[in-house]
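In case you want the letters, here they are:
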Amino acid sequence: MGYELRVERPAPLAFAELATVLGQAGFEFRGSQEAGEVLARHGDGLHAIAVWDGGLSGTPGSDWQVAQLARVSALLGARLVGEDGESYAIRGGLVEQLNGSAAYEFGKLDEILTAGPAVWSR
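The text that follows walks through the structure, step by step, so that each part is easy to find. (Residues numbered from 1 in each chain as written. Predicted model: local features only at pLDDT ≥ 70, side-chain atom pairs only at ≥ 80, totals over all residues. Heavy atoms only, no water.)

## Things to note about the sheet that holds strand S4 (residues 45–52)
Part 1 of the argument: Pairing is antiparallel across the open sheet formed by 9 strands, whose spatial order is S2-S3-S4-S5-S1-S6-S7-S8-S9. Each having just a single partner strand, strand S2 (28–31) and strand S9 (102–108) make up the two edges of the open sheet. This sheet shows a mean twist of 35° between the axes of neighbouring strands, independent of strand direction.
Part 2 of the argument: Sheet topology note: the strand S1 (residues 5–8)/strand S6 (residues 79–82) ladder contains 4 bridges and is antiparallel. The residue of S6 that forms the bridge with Arg 6 is Val 81.
Part 3 of the argument: The strands touched by helix H2 (residues 63–75) within the sheet are S1, strand S3 (36–42), S4, strand S5 (56–58), S6, strand S7 (87–91), strand S8 (94–99) and S9, with S4 carrying the most contacts at an inclination of about 55°. (Pairing = 2+ DSSP bridges. Helix = DSSP H or I, 4+ residues; strand = E, 2+ residues; numbered from the N terminus. Axes fitted to C-alpha atoms, helices over the stretch in contact; angles between N-to-C directions. Contact = heavy atoms within 4.5 Å.)

Written out as structure tokens, the structure is:
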């Protein structure tokens with residue numbers, strides 16, 4: 001299993017709100033109100049970026065998936081948080097990992113989204 005990122009916010013996330021936001025932003029959902037997958041399109045393909053099981057989380061394998069999770073989090077007014085307490089956000093058009101005062105830039109959002117879900121090498 002990979003490193004999990006969670007979408008967190010003060011108010012609970014209702015499925016109806018999730019479905020509305022995803023639909024308006026061009027994401028797709030496959031499943032039911034109890035459990036399913038959030039999918040993002042790249043080219044002709046759909047790629048899973050998160051799972052819904054009453055909460056939203058993902059185990060990204062690419063910068064593209066991190067960027068998509070950060071987009072969903074921002075649209076929901078939430079934070080994207082890693083297992084070690086770091087957060088991920090889009091600031092000034094850049095996808096960043098934030099840990100205290102340190103920031104690591106993944107790159108420009110538009111470039112990452114254009115590049116697509118190329119898997120990280122191990």
